[in-house]
Each structure stands twice: as structure tokens, then as C-alpha cells.
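# Notes for the structure review
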Amino acid sequence: MRDLSWLLRFFGISSETIAFLRSLNTRYRICHLPKDAGGFRVIAVPPEELMRFQRQLQRHLLRFAPISDCVHGSMRGHSTKTQALMHRQASALLSFDLKDAFTQATVAQVADAFRFLAFDDHVSEMLAALTTFDGSLPQGAPTSNMLWNLVCRQLDERLLWVAERFDLTYTRYTDELFFSHPQTIERAKRQAIETWVEQTGFVLNCRKTRYQHVRSGALQLTGLSIHAGLVTVTRAEIERLRALVHMATVHRLPRAYIEGEIGRIRHVYRPRLMPHRLWPVYERYRSLCV
């Protein structure tokens, strides 16, 4: 069991430093990004000293957490492309969206995630306090994506069991759930999956539930398109990223957040290339970050 003395030795810090970092938890900087469907996405950016600790926590501990292979968001060796390849033989694709995902992760659930990583109760609650803001996971903190994956581990286990029962392929990318089948997914199965998701305690954004079939064109997921087994980036995703990067040059958004969004499609192309409409805007943004 990992206790406080283990944590202090591992990071080479003192208990006074931990107390100072906890005092910074009310000093997040709030940014508002407009959503495509209206409203705003709240990005809470931690103060620099706290973010530095969170980066170390992410780099040296969280990135090695045991997460199911069905998860493709914020996982080493996984990306939107690896997820799309899991569904490239599908004729039918069913997708769900978890409503306001990070706000669904409570401080207690984050503490349970640290307990799962073998920390004792005291350290788990302390680390939960250092990685949450206003009672939930903040977008803008480098630890939030992996902690969200840990919070969702029981959901993934349940939906993998459901997928096996219905002969489906299941993947998750952050707050988006995908099920596919080589032929079709009957309405009864769709309703059953929705019920199983809600029984795990998560809330779905019903407006974003979507069923696609190849008869209506290419299948689309996380900004990518699948057609005849080939994976490409949708034009809508490229335009969304152009707008996001342009906004980042005006507002002080965390670079890790922008690079994470760009990384959603970078793996579709060769490492140094990306769509020609996105490249100039992205290069301008990078020059401002130097």
C-alpha cells in the first residue's frame, strides 16, 4: 500500500509542499470555448505550480495505470485512428455520448481511482483534492483524461460484457461510446445498451445518440470517416480544429489541450504532416508558444 511517505519520497517533495499545492486549488483560471451546438465548454486551467505537479503525476504514475484495450483516448499507442481501425469492417455503428463527462466524475470517484492504484485512503483523498476542481475533474488539467479513464473502468467492463453478449465490437474515446456490427444492430439491442449504460450511474446526452449504416454513406466517429475499410479525416473535423487553434492564438489556452486535440488526427497522417488547411494555422500557433 502506497502511503504519504512513499509519495513524498517518490516525488522528492515535503509535506509542506503538498499543503502549498492544496492551497492553490481555488486559483484555477477559467476559459470559455463556444460549442458547435451552442453554449460554452468550460476549461479550468490550474496554476503553474499545481500543473507542474499534475504533469509529474501523469508522466510517472497515471500513464502506467492498467486500462482496458477498448479505451483509445489518452492511451499510449492508441488514438482516434486505432479506434477507427477496430470498426473498419463494420456495416452498422451505434454511438453514445456521456453528458458533460468530466463533471460526472466526483471527488469520491477520483479518490477510488487512486485507491485502485494502491494508495491508502489518506493519500487517495489528498491526490483527489489535488486533481479536482469545484467537485469534479477540470478540463485543462493534464491528469483529467487518465483519471476519467480510471473512473470509467467499471463502465468499460460492463459494456465489454454487453458487447460480447450481442456479438458487437465496443470502444470508448473519452466520453464517446461506440458499438459496431458487420451487418446491423437491432433496435432492441440499442435500447438494451442504453439501459446498461444508465444503470452504471452515467448520464447520456440523448441528443447525440446516433445510429449509422453504410447504406447511408461512410461511417463517422471522433472526426474520422470509415469507407470501404479506409480511414480518413472528415472536413467538419478539420474546420473545427482550425477554429479551435485560431481561438487559442487569441486566448491563453493550455498548449497540452490544443496538442491533444491536434493529436486526435495527427496519427491518421504521417508524423510530420496534417491536412493542408490546418497546417498554416497550427504553425502560427506554435510560433506564438515558443
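Residues numbered from 1 in each chain as written. Predicted model: local features only at pLDDT ≥ 70, side-chain atom pairs only at ≥ 80, totals over all residues. Heavy atoms only, no water.

With that out of the way, let us pick up helix H7 (residues 121-131). Most of H7 sits out of view: 8 of its 11 residues are buried. Where H7 is concerned, the buried positions are Val-123, Ser-124, Met-126, Leu-127, Ala-128, Ala-129, Leu-130 and Thr-131. Those residues of H7 hidden inside the fold are in contact with helix H1 (4-11), helix H2 (15-23), helix H3 (48-60), helix H6 (107-116) and helix H8 (144-151). Where H7 starts, the residue carrying a side-chain oxygen 3.3 Å from the main-chain nitrogen of His-122 turns out to be Asp-120. (Buried < 20%, exposed > 50% of the residue type's maximum accessible area, 1.4 Å probe, protein only. Helix = DSSP H or I, 4+ residues; strand = E, 2+ residues; numbered from the N terminus. Contact = heavy atoms within 4.5 Å. Polar contact = N/O pair within 3.5 Å; in protein donor to acceptor, adjacent residues only side chain to side chain.)

Right, let's get into the packing of aromatic side chains. Applying the stated criterion to the full structure yields 11 aromatic pairs. With a centroid separation of 5.9 Å and an interplanar angle of 90 degrees, the aromatic rings of Trp-148 and Phe-202 are classed as edge-to-face. With Trp-148 in helix H8 and Phe-202 in the loop between helix H10 (187-199) and strand E6 (210-213), the pair connects residues that are 54 residues apart, well separated along the chain. Accessibility classification places Trp-148 together with Phe-202 in one group, the buried group. Over the ring of Phe-119 we find Arg-2; its NZ or CZ atom is 5.3 Å from the centre of that ring. (Phe/Tyr/Trp six-rings, centres within 6.5 Å; stacked < 30°, edge-to-face > 60°. Lys NZ or Arg CZ within 6 Å of the ring centre and 35° of its normal.)

What follows covers the pattern of salt bridges. Under the defined criterion, the tally for this structure stands at 6 salt bridges. Residues Arg-115 and Glu-125 are paired through a salt bridge, measuring 3.4 Å at the closest nitrogen-oxygen approach. You can see Arg-115 sitting in helix H6 and its partner Glu-125 sitting in helix H7, a full 10 residues away along the chain. Residue class for Glu-125 comes out partly exposed when judged on its relative accessible area of 47%. The residue Arg-172 makes a salt bridge to Asp-156 at a minimum N-O spacing of 2.9 Å. One end of the pair, Arg-172, is in strand E4 (residues 169-173); the other, Asp-156, is in helix H9 (residues 153-165), and 16 residues separate them in sequence. Taken as a pair, Arg-172 and Asp-156 share a single burial class, namely buried. Within this structure, Asp-112, Arg-115, Asp-121 and Glu-125 form a network of salt bridges that share partners. (Salt bridge = Lys/Arg side-chain N within 4 Å of Asp/Glu carboxyl O.)

Looking now at the sheet that holds E6. Read from one edge to the other, the open sheet built from 4 strands follows the order E4-E5-E3-E6, with strand pairing classed as antiparallel. Either end of the sheet is taken by a strand with one partner, and the two such strands are E4 and E6. Between one strand axis and the next, the sheet turns by 20 degrees as a mean value, whatever way the strands run. With 4 bridges connecting them, strand E3 (residues 92-97) and E6 associate as antiparallel partners. Pairing of Ser-95 across the sheet is with Arg-210, part of E6. Strands E4 and strand E5 (176-181) of the sheet are contacted by H9, whose axis makes an angle of about 155 degrees with E4. The sheet strands contacting H10 are E3, E5 and E6, and the helix crosses E3 at an angle near 25 degrees. (Pairing = 2+ DSSP bridges. Axes fitted to C-alpha atoms, helices over the stretch in contact; angles between N-to-C directions.)

Right, let's get into the packing of H3 against H7. Between H3 and H7, whose axes approach to 10 Å, the crossing angle comes to 125 degrees. The orientation of H3 with respect to H7, classified from their angle, is oblique. Helix-helix and strand crossings are classified by hand; for H3 and H7 the assignment is left-handed. Taking contact as the criterion, the partners of Leu-50, Phe-53, Gln-54 and Leu-57 in H3 are, on H7, Leu-127, Leu-130 and Thr-131. Looking at side-chain class alone, the contact of H3 with H7 contains 5 nonpolar, 2 polar and no charged residues. (Parallel < 35°, antiparallel > 145°, perpendicular 65-115°, else oblique. Left-handed = near helix turned anticlockwise from the far one by under 90°. Nonpolar A, V, L, I, M, F, W, Y, C, P; charged D, E, K, R; others polar.)

Before going further, it helps to examine the side chain of Ser-136. Tracing the sequence through the fold places Ser-136 in the loop between H7 and H8. Accessibility expressed as a relative area gives 11% for Ser-136, which makes it buried. Filtering out sequence-adjacent residues up to four positions away, Ser-136 remains in contact with Phe-102, Thr-103 and Ala-105.

Time to look at the nonpolar core. Formed by 57 residues in total, the largest nonpolar core has its most connected members in Leu-98, Phe-114, Leu-127, Trp-148, Leu-177, Phe-179 and Ile-193. Ile-193 has contacts with Leu-94, Phe-96, Val-162, Phe-166, Leu-168 and Phe-179, leaving out every residue within four places of it along the chain. Counting 29 residues, the second largest nonpolar core, distinct from the first, contains Ala-90, Val-233, Val-245 and Ile-262. (Core = buried A, V, L, I, M, F, W, Y, C linked by side-chain atoms within 4.5 Å.)

These results come straight from atomic positions and should not be treated as a statement about function.
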